[in-house]
Each structure stands twice: as structure tokens, then as C-alpha cells.
Amino acid sequence: MKFTNEFGDIDEGFYLSMQTTYVTALKLMRKENLLNDFAYRAGKVVSDSSNIGWGFHDYLFDAYSDFYADYLDDTD
């Protein structure tokens with residue numbers, strides 16, 4: 001997120017790969033019962049992607065919502 005936000009968009013393939021990596025990490029955290037330990041960081045990844053194109057932010061937000069529904073308040 002930091003690189004893209006500082007230097008600009010990359011290509012769609014990059015974002016597809018990052019989406020897969022994010023969901024894979026969430027699945028591993030769930031399997032190892034670590035979701036609570038990484039709730040803030042997982043949410044920060046999503047918030048840091050808010051200005052990135054390709055539908056990237058929306059995908060990450062949806063994935064985060066699936067894994068962290070209890071952390072979202074009614075305004076999200």
C-alpha cells in the first residue's frame with residue numbers, strides 16, 4: 001500500500017496477486033486463531049488502500065468484512 005500510495009498505481013496483475021495474498025493471510029490467521037491479534041493491522045491494510053484503483057480497496061474491504069464482521073460498527 002505504501003509503495004502505491006507514494007509512487008502511483010501499478011498494473012492489475014499486481015493487485016490481483018495482493019488480493020490473493022491478503023485473503024491467504026486472513027485464512028491462515030483464522031486457522032491459527034490469530035485474527036484478534038492482527039485485527040488492527042488487517043484493518044489498516046484496508047484503510048491504506050482507499051485511494052487505490054482497480055476495485056482493489058473494495059475487494060479488501062469485502063474480505064476484511066467477511067473475517068472481521070464483529071469489528072465493524074454499523075456506520076461502515
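Structural data are supplied above this passage.
Quick caveat: nothing in here was measured; it's all calculated off a predicted structure.

1. Points about the packing of aromatic side chains
Then, number 1: Enumeration according to the criterion identifies three aromatic pairs in this entry.
Then, number 2: When the ring of F14 is compared with that of Y15, the centres are 5.2 Å apart and the planes differ by 80 degrees; the resulting orientation is edge-to-face.
Then, number 3: Residue classification places Y15 among the buried positions, given a relative accessible area of 1%.
Then, number 4: When the centroid spacing of 4.7 Å and the interplanar angle of 25 degrees are considered together, the rings of Y64 and Y68 count as stacked.
Then, number 5: Aromatic rings pair up to connect F14, Y15 and F56 into one cluster.

2. A short note on the layout of surface pockets
The method is simple in principle: a probe with the dimensions of a water molecule rolls over the atoms, and the space it marks as empty is what remains.
Then, number 1: Roughly 180 Å³ of volume is contained in the largest pocket.
Then, number 2: In terms of lining, the largest pocket is formed by M1, M18, T21, Y22, A25, L26, M29, F38, R41, A42, V45 and F56.
Then, number 3: At the level of secondary structure, the elements contributing two or more residues to the lining of the largest pocket comprise α2 (12–31) and α3 (39–48).
Then, number 4: The class makeup of the residues in the lining of the largest pocket is 10 nonpolar, one polar and one charged.

3. Here's the deal with the environment of F3
Then, number 1: If you trace the backbone, F3 turns up in helix α1 (residues 2–7).
Then, number 2: If we skip the residues at most four places from it in the chain, F3 touches G8 and I10.

Parameters and conventions
- Residues numbered from 1 in each chain as written.
- Predicted model: local features only at pLDDT ≥ 70, side-chain atom pairs only at ≥ 80, totals over all residues.
- Heavy atoms only, no water.
- Phe/Tyr/Trp six-rings, centres within 6.5 Å; stacked < 30°, edge-to-face > 60°.
- Buried < 20%, exposed > 50% of the residue type's maximum accessible area, 1.4 Å probe, protein only.
- 1 Å grid on protein atoms, 1.4 Å probe; cavity = no way out; pocket = protein on both sides within 12 Å on 5 of 7 lines; lining within 4 Å.
- Points joined across faces, edges and corners; volume = space filled by probe spheres on them.
- Helix = DSSP H or I, 4+ residues; strand = E, 2+ residues; numbered from the N terminus.
- Nonpolar A, V, L, I, M, F, W, Y, C, P; charged D, E, K, R; others polar.
- Contact = heavy atoms within 4.5 Å.

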